[in-house]
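Chain and residue survey
Below, each chain spelled out in residue letters.
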Amino acid sequence: MLKKLSLATLVAMGSMSFAGATDLSQAIQGVQLKGQLRIRFYNESDKTLVTGKKNAYKNSKKKGYNRWRTTADFIFITPVDENLKVVNQLSTEASVYSNSNELGNKSDVTPKAGEIKMYLDYSNSGLHAIVGKIPVSTPVTGKGHGEARGAGAIATYTTNGFTVAGAYVDALVGADTLDSLAKEKVIPNYKGLDIYAAAAIYSNEAFGTAQVWYFNIENLIDSDVVVSADITALKDAGIKLHADYATANLDDSVSKDTQTYFNVNASYSANGLSAQLGYAATDKDGGLVALDMDAPIATLGVTQQEYVINGMADTSAVYANASFKADKTTVYAGVLAINDDSAANNDDTDTIVGVKYAYTKKLGAHVYIDMLDSKNGVDNKEFRFEARYKF
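Since this is a predicted model, take the numbers as computed values, not measurements. (Residues numbered from 1 in each chain as written. Predicted model: local features only at pLDDT ≥ 70, side-chain atom pairs only at ≥ 80, totals over all residues. Heavy atoms only, no water.)

Topic: the pattern of salt bridges
Where side chains of opposite charge bring their charged atoms close, a pairing between them can arise. Here is the rule we go by: Salt bridge, as used here, is a side-chain nitrogen of Lys or Arg placed within 4 Å of a carboxyl oxygen of Asp or Glu. In this text, helices come from DSSP runs of H or I with a minimum length of four residues, and strands from runs of E with a minimum of two, each type numbered from the N-terminal end. Exposure is judged per residue with a 1.4 Å probe applied to protein chains only, and the accessible area is read against the type maximum: over 50% gives exposed, under 20% gives buried, and values in between give partly exposed.
The tally for this structure, following the rule as stated, stands at 5 salt bridges. A salt bridge links R67 to E93; the shortest N-O distance between them is 4.0 Å. Of the two residues, R67 is situated in strand β2 (residues 65-79) and E93 in strand β3 (residues 84-98); the sequence distance between them amounts to 26 residues. Taken as a pair, R67 and E93 share a single burial class, namely buried.

Have a look at this one:
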């Protein structure tokens, strides 16, 4: 792999001029634009989601609040030659709140800008590498708007169904589990952590995909081993199986206990009908194995308020969902029940019903009602409407 093109060579490309390869007018003409424009409206029934105090507004006529959230992602892809591209991603987000105790009984705008990524993207003869300020999409980090990012490099090499991968990211940010641990002072002096990763992946059309990942996260996880499998051997019968297992040894300053997590589910699809049933659990000593709530191994089912047990000790979750698609419309329902046997005893049940409608291939709408029943936390009904245009 290194004989084809080393990462050091890719880094060097970042400082060279591309004027010799493509002049400005040609580059502008060849630029591809991808991204999304998204509008979301939320209504939350319980103000304690903002105040953090249960029943803080028990006698108030205004127990809930509204939120308008707008998001824009623009990804500019500039080809340098047939193998090399320059990618620049600009993202913005703003929220308008009303009837919120934390923000006052009037609307308030909280814009978020500055999520900017720029990197080189190289592909040739099975080798793929990105170098620069990059999105970081792995089994333990989320992907998409607002998710994990940092400066560094990720490279993969694929041949005959086998893929090997390596990554180094300097100052990883945008991972909400890391942000929560920093607020709780679990990670001292947190300003983004360095992450090292290596992986081996095998994919076979008849069998499915199996992958093994190793992670080291500065000042948090000395070693995190993740094994995932998607078995499609029964796909002709409409059945797919999925399994995740992860074990992590944390930095001694965080915990000396080994963290363990697993998740299994089975799904069935036929004639527009889909159903899934799954079970996940963590060990009594802890289950901190992912860096983000939206990481592939952390997300369970389709509910929107509670869908993660990563980081919780001695906890299990059962989840189920079903959907039916007819033409442009999909209706679905799901439930997730969390059983927390730790001292925290945070048992939760989250239920959701929703509808998705594809107006065109690029424009769609999504509406749901999600109802959270929490034993020791906040009970809340969340209504959300979303309109999303992808380009």
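Read on for the rest.
Examining the pairing of strand β19 (residues 380-390)
For clarity, the cut-off: Only strands joined by at least two bridges in the DSSP assignment are considered to pair.
The sheet contact formed by strand β1 (residues 32-44) and β19 spans 9 bridges and is antiparallel. Across the sheet, Q36 pairs through a bridge with K390, a residue of β19. Looking at chain direction, strand β18 (residues 363-374) and β19 are connected through 10 bridges and run antiparallel. Counted as the bridge partner of G364 is R388 from β19. Hairpin remark: β18 followed by β19, antiparallel, with 5 residues in the connecting loop.

Quick notes on the layout of surface pockets
As a reminder, the rule being used: A cavity here means a set of 1 Å grid points, computed over protein atoms only, where a 1.4 Å probe fits but cannot escape. A pocket is an open set with protein on both sides within 12 Å along at least 5 of 7 lines, and lining residues have an atom within 4 Å of a point. Grid points are joined across faces, edges and corners, and a volume is the space filled by probe spheres set on the points. Amino acids are sorted into nonpolar (Ala, Val, Leu, Ile, Met, Phe, Trp, Tyr, Cys and Pro), charged (Asp, Glu, Lys and Arg) and polar (every other residue, Gly among them).
Estimates place the volume of the second largest pocket at around 340 Å³. Looking at the lining of the second largest pocket, the elements that each hand over two or more residues are β12 (239-250) and β13 (258-270). Within the lining of the second largest pocket, the residues separate by chemical class into 5 nonpolar, 10 polar and 2 charged.

Comments concerning a nonpolar patch on the surface
As a reminder of what qualifies: Patches here are clusters of residues that have more than 30% relative accessible area and form no salt bridge, with a 9 Å joining cutoff for like charges and a 5 Å cutoff for nonpolar side chains (Val, Leu, Ile, Met, Phe, Trp, Tyr). Reported accessibility uses the Shrake-Rupley method at a 1.4 Å probe radius. Residues are deemed covered only where the shown protein chains occlude them.
Side chains of V212, Y214, V225, V227, Y245, F262, V264, L277, Y279 and V318 sit close together on the surface and give an oily, nonpolar patch of about 810 Å² of accessible area. Listing elements by their share of the nonpolar patch, those giving two or more residues are β10 (208-217), β11 (221-231), β13 and β14 (273-282). With respect to the secondary-structure elements, Y214 resides in strand β10.

Observations regarding the confidence of the model for the protein chain
Low-confidence regions, as indicated by low pLDDT, have predicted coordinates that should not be scrutinised in detail. The criterion, for reference: The quantity known as pLDDT measures the predictor's confidence residue by residue, on a range of 0 to 100. We call two residues contacting when some pair of their heavy atoms lies within 4.5 Å.
Scored by pLDDT, the protein chain has a mean of 86; 83% of the residues are at 70 or more. Within the model, pLDDT remains below 50 along residues 1-19, and this stretch shows 24 contacts once partners closer than five positions in the same chain are excluded. This stretch, residues 55-59, has a pLDDT under 50; its non-local contacts, to residues over four places away or in other chains, come to 9 contacts.

Some points on the packing of aromatic side chains
Definition in use: Pairing of aromatic side chains here covers Phe, Tyr and the six-membered ring of Trp, requires ring centres within 6.5 Å, and sorts the geometry by plane angle: under 30 degrees stacked, over 60 edge-to-face, intermediate tilted. Throughout this description, the term charge over a ring refers to an Arg CZ or Lys NZ atom that lies within 6 Å of the ring centre and within 35 degrees of the ring normal.
Applying the stated criterion across every chain yields a total of 8 aromatic pairs. Here the aromatic rings of W213 and F215 are separated by 5.5 Å at their centres, their planes lie at 5°, and the arrangement is stacked. Note on accessibility: W213 and F215 belong to one class, buried. Taken together, the aromatic side chains of F41, W68 and F383 make up a single cluster linked through ring pairs. Residue placement shows K356 over the ring face of Y332; its charged tip is 5.7 Å from the ring centre.

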